[in-house]
Amino acid sequence: MEGLLLVLALALIIACLWYVSLIKKRDIAREALSAIDVQLKNRGARLPAMLEIASGSMKEERLLLEDVAELETLLSRAYDQTQTEEISLHLELVQRLNTRLAQLLADMDNYPELQSDNRMLEAIQAYQEVEEPLAAARRFYNSAVSEFNTAVGIFPGSIIASVAGVKVLPYYEAEDAPSTALDAGDFIN
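The structure displayed is predicted, hence computed values, not measured ones.

Student: Honestly, the overall build of the protein in this entry has me stumped. Any pointers?
Tutor: Regarding its fold elements, the protein presents 7 helices and 0 strands. Along the protein, helices and strands appear, N-terminal first, in the series α-α-α-α-α-α-α. Its C-alpha atoms give the protein a radius of gyration of 22 Å, more than 25% over the compact-globule value 16 Å for 189 residues. Projected onto its principal axes, the C-alpha positions of the protein cover 85 × 30 × 20 Å. Looking at the protein as a whole, 41% of its 189 residues qualify as buried. Accessible surface, the protein as shown: approximately 10,700 Å² in total, 57% of it carbon and sulfur. If the 16 positive side-chain charges of the protein are averaged to one point and the 29 negative ones to another, these points end up 6 Å apart.

Student: How should I be thinking about the pattern of salt bridges in this particular structure?
Tutor: Between side chains of opposite charge, pairing is possible as soon as their charged atoms come close. Counted under the stated rule, the structure contains 6 salt bridges. The partner of Arg 119 in a salt bridge is Asp 117, and the shortest N-O contact between them spans 3.6 Å. Classification of Asp 117 by relative accessible area gives buried; the value is 18%.

Student: Where do I start with unusual backbone geometry in this structure?
Tutor: In the segment running from Phe 155 into Pro 156, the intervening peptide bond is cis, with an omega of 0°. Looking at the secondary structure, you find Pro 156 in the loop between helix 5 (118–153) and helix 6 (157–164).

Student: Honestly, helix 5 in this entry has me stumped. Any pointers?
Tutor: Side chains that are three or four residues apart share a direction in an α-helix, a result of its 3.6 residues per turn. Taking 1.5 Å of rise per residue, 36 residues should cover 52 Å, and helix 5 covers 52 Å from first to last C-alpha, within 8% of that figure. Here helix 5 starts with a cap whose side-chain oxygen sits 2.8 Å from the backbone nitrogen of Arg 119, and that cap is Asp 117.

Student: Help me understand helix 2 (residues 62–75) in this model?
Tutor: Given a rise of 1.5 Å per residue, 14 residues ought to cover 20 Å, and the 20 Å separating the end C-alpha atoms of helix 2 matches this to within 8%. Those residues of helix 2 not exposed but buried are Leu 64, Leu 65, Val 68, Leu 71, Glu 72 and Leu 75. Seen along its axis, helix 2 keeps its buried residues to an arc of 130°; they face one direction. Residues of helix 2 that are buried make contact with helix 1 (2–57) and helix 3 (84–107).

Analysis parameters
Residues numbered from 1 in each chain as written. Predicted model: local features only at pLDDT ≥ 70, side-chain atom pairs only at ≥ 80, totals over all residues. Heavy atoms only, no water. Helix = DSSP H or I, 4+ residues; strand = E, 2+ residues; numbered from the N terminus. Rg over C-alpha atoms; globule rule 2.2 N^0.38 Å. Buried < 20%, exposed > 50% of the residue type's maximum accessible area, 1.4 Å probe, protein only. Areas by Shrake-Rupley, 256 points an atom, 1.4 Å probe, with all protein chains shown as cover. Lys, Arg positive; Asp, Glu negative; His and termini not counted. Charge placed at Lys NZ, Arg CZ, Asp CG, Glu CD. Salt bridge = Lys/Arg side-chain N within 4 Å of Asp/Glu carboxyl O. Expected span 1.5 Å × (residues − 1). Polar contact = N/O pair within 3.5 Å; in protein donor to acceptor, adjacent residues only side chain to side chain. Arc of directions from axis to C-beta. Contact = heavy atoms within 4.5 Å.

This is a description of form; function is not addressed.
Structural data, given as structure tokens:
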């Protein structure tokens, strides 16, 4: 009888420790997601200047400029980091904005007046300065999510996570296209 109680007590202690470990890993992933959001806000603060300058020359790209502005507005809205679905939607918005920004930067090649505008060069450089920290934050987040999702997916974590209602987190799958699509130095002849 004492042996059975000892085994049950040991199993309960292991389950509690594993649960605490899962929660710590989840919190690290959420912290990493917050770091991404900080970098997105930094980038968002630089976009209006770039869009304003571009709108004067890129009349044919009006829809693209409006789409970028709208996506940035949607992205700046608060979301619940405790809800996996909301995190997924948020990261999907980020990816859509990244794609549109890459397209915008690529389309700027078709406007020589933008390539020689010092204000635009400064705006692009300010924008690109945020892209590297954003990529680093994304790598940190994905690393934390990988560790968390692995802990949730393996035994006994899968059982403990199921009982506690802990769900895997989505990855931030993005390309580095916006940071490499355009280099301000390319415009200086």
